[in-house]
Structures are given as C-alpha cells and as structure tokens.
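Residue-level listing of the chains:
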Amino acid sequence: MSDVAENPVDLARQETVGRILDSAERLFLHYGYTKTNVADIARDLGMSPANIYRFFASKVEIHQAICGRMLGAVYQMACEILRAEGSATERLRRFIYAQHNLTVETMLDKEKVHEMVVVALERDWHVIEKHIDRLHELMAEVISEGIAAGEFSKQDPQIAARCFGAATSTLCHPQMVSQCVNKPNRATYRELTEYALRALK
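Thresholds, definitions, all that
- Residues numbered from 1 in each chain as written.
- Predicted model: local features only at pLDDT ≥ 70, side-chain atom pairs only at ≥ 80, totals over all residues.
- Heavy atoms only, no water.
- Phe/Tyr/Trp six-rings, centres within 6.5 Å; stacked < 30°, edge-to-face > 60°.
- Lys NZ or Arg CZ within 6 Å of the ring centre and 35° of its normal.
- Buried < 20%, exposed > 50% of the residue type's maximum accessible area, 1.4 Å probe, protein only.
- Helix = DSSP H or I, 4+ residues; strand = E, 2+ residues; numbered from the N terminus.
- Arc of directions from axis to C-beta.
- pLDDT = per-residue confidence, 0-100.
- Core = buried A, V, L, I, M, F, W, Y, C linked by side-chain atoms within 4.5 Å.
- Contact = heavy atoms within 4.5 Å.
- UniProt positions renumbered as here; feature names shortened; annotations may be inferred.
- Salt bridge = Lys/Arg side-chain N within 4 Å of Asp/Glu carboxyl O.
- Polar contact = N/O pair within 3.5 Å; in protein donor to acceptor, adjacent residues only side chain to side chain.
- Axes fitted to C-alpha atoms, helices over the stretch in contact; angles between N-to-C directions.
- Parallel < 35°, antiparallel > 145°, perpendicular 65-115°, else oblique.
- Left-handed = near helix turned anticlockwise from the far one by under 90°.

- If you check an unreviewed UniProt entry, the protein appears there as TetR family transcriptional regulator from Aminobacter carboxidus.

1. Some words on the packing of aromatic side chains
Aromatic rings considered in pairs are described by the distance between their centres and by the relative angle of their planes.
Here's step 1: Tallying each qualifying case throughout the model produces 2 aromatic pairs.
Here's step 2: Ring centres of Phe-28 and Tyr-33 lie 5.1 Å apart, and the angle between their planes is 70 degrees; this geometry places the pair in the edge-to-face category.
Here's step 3: In this arrangement the basic side chain of Lys-59 is found over the ring face of Tyr-33, its NZ or CZ atom lying 4.1 Å from the centre.
Here's step 4: Arg-134 extends its terminal NZ or CZ atom over the ring of Tyr-75, reaching a point 3.6 Å from the ring centre.

2. A look at helix α10 (residues 189-199)
Here's step 1: Buried within α10 are the following residues: Leu-192, Thr-193, Ala-196 and Leu-197. Looking down the long axis of α10, one finds its buried residues gathered within 135 degrees of arc, a one-sided arrangement. Residues of α10 that are exposed and point over 90 degrees away from its buried face: Tyr-195 and Arg-198.

3. Topic: the confidence of the model for the protein
Here's step 1: The pLDDT averaged across the protein works out to 86; a share of 84% of its residues lies at or above 70.
Here's step 2: For the protein, per-element mean pLDDT is lowest for helix α6 (residues 111-122), which scores 65, and highest for helix α8 (residues 157-167), which scores 96.

4. As for the nonpolar core
Here's step 1: Counting 28 residues, the largest nonpolar core has Leu-82, Leu-92, Phe-95, Ile-143, Phe-164 and Leu-200 as its most contacted members.
Here's step 2: Put simply, the parts of the chain that give this core at least two residues each are α4 (59-82), α5 (88-108), α7 (126-148), α8 and α10.
Here's step 3: If we skip the residues at most four places from it in the chain, Leu-200 touches Leu-92, Ile-143, Phe-152, Ser-153, Gln-155, Ala-160 and Phe-164.

5. A look at the UniProt feature "DNA-binding region" (unreviewed entry) in the protein
Here's step 1: Within this structure's numbering, the places UniProt gives as "DNA-binding region" (unreviewed entry) are residues 37-56.
Here's step 2: Regarding residues 37-56, the helix share stands at 65% and the strand share at 0%, and the terminal C-alpha atoms are separated by 13 Å.

6. Observations regarding the pattern of salt bridges
Here's step 1: Taken as a whole, this structure holds 8 salt bridges when the rule is applied.
Here's step 2: The network of salt bridges with shared partners includes Asp-22, Glu-25 and Arg-69.

7. Let's talk about α8
Here's step 1: Along α8, the residues classified as buried are Ala-160, Ala-161, Phe-164 and Gly-165. One side of α8 carries all its buried residues, which in axial view fall inside an arc of 130 degrees.
Here's step 2: If you check the start of α8, you find a side-chain oxygen 2.8 Å away from the backbone N of Gln-158, and it comes from Asp-156.

8. Examining the packing of α7 against α8
Here's step 1: Viewed as axis vectors pointing N to C, α7 and α8 meet at an angle of 120 degrees, and their least axial separation amounts to 8 Å. The orientation of α7 with respect to α8, classified from their angle, is oblique. Read as a crossing pair, α7 and α8 show a hand that is right-handed. Note on element contacts: α8 touches α7 through Pro-157, Gln-158, Ala-160, Ala-161, Arg-162, Phe-164 and Gly-165, opposite His-136, Met-139, Ala-140, Ile-143, Ser-144 and Ile-147.

9. Topic: the side chain of His-100
Here's step 1: Tracing the backbone shows His-100 in helix α5.
Here's step 2: Relative accessible area serves as the criterion here: at 9%, His-100 is assigned to the buried category.
Here's step 3: A distance of 2.8 Å separates a polar side-chain atom of His-100 from the backbone oxygen of Leu-171.
Here's step 4: Discounting residues that sit within four places of it in the chain, His-100 has contacts with Leu-171, Val-177 and Tyr-189.

Shown next as structure tokens:
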C-alpha cells in the first residue's frame, strides 16, 4: 500500500475535468463542434461558464483534451494488437485493418466525430504529432522483430516504420478515407496494406 494518499483536491479536480470533457464530447457529437460553445457546456453541467474557465482556458483546450482521450484509446488498441502474439506481418496487417475500420465506422459514420477530428488535423495540434510518433515507435518495434525473425529485409526500423505509416496513412486519415472509400479507381485497404507489407520484405 502506498504511503502517499492522493490529495482530495486533486481528485475533485480530476472528477470535474472528467465531467466537463464528457459533457463537451456529448454536445460536440450531438450539435457539432462549431455550434457548441462553453456556455452550452456550462448549462449542461449546471455550472457557470466562469467555472469551466477555471479548468480550461477556451473551447479549443477542451477540444484538445477530448482529442487526447480519443487518441489515447487508439494507442491502447495499437498496443494490444502490435504487442500480441503472431508474426510481425500479421500484427501489422491486423493493426492497419483495425485503424481503417475504426476510421470508417467511428469517424465517418458519425458526421460530428469527423468534424472534431478534421478541426484537430487542420490545426496541426501537438497531440496529433505526439500520437503519430508513438505509433511509429510501436511499429518500429514490430518491424525490428520481423527483421530478427527473417520476415523482413535488413533495414532501419525507424525509417521503415515512418515509411510504412506514410504508405498506409490514406487508410486512417478521416479526410482521405472519406474521399477514397468505395471508389472503384482507388486501391482497396487490403490491396494497399499488402503492398506496404511487401515493401518491408
């Protein structure tokens, strides 16, 4: 048992922050990001806008925090797939398929989620870049294992991970997926994934 108990003030703050983010995400999904303001979130929670501003300086900060939570869930999914048992090839394949399916089912089928993600991408937030870096690190680990097992040719795993990510980015970037999905003159997600995997061999 830890000798250091968590400060009740910190716990209360975390709880309030969580409530604000839950409310904001619900309203963003229902009304859309651009149509929701801080006053709407405060009203939903039964508190004043000034109280919201004690925790977040702006709606943008709230959006960034929600984006961080969403990306955290994606990263957790990536860890579970890429660090599971199986060949490096199969794990990378399952990861790209899962990323693509998540983008199609969660982000494109729900217009308001797509709007939130597009705004985040257009503003080039550091949370997006950090997320990409973390995914590249995970893929580099798998590629290193694939090289050691003789699945992939000898190469720099970090460079290979960045190239593999770039080659498959159209499968998990909401704007690109929305423009390319179901178009007969574009490579399918399976075709593009297999092409990228062959490049590692």
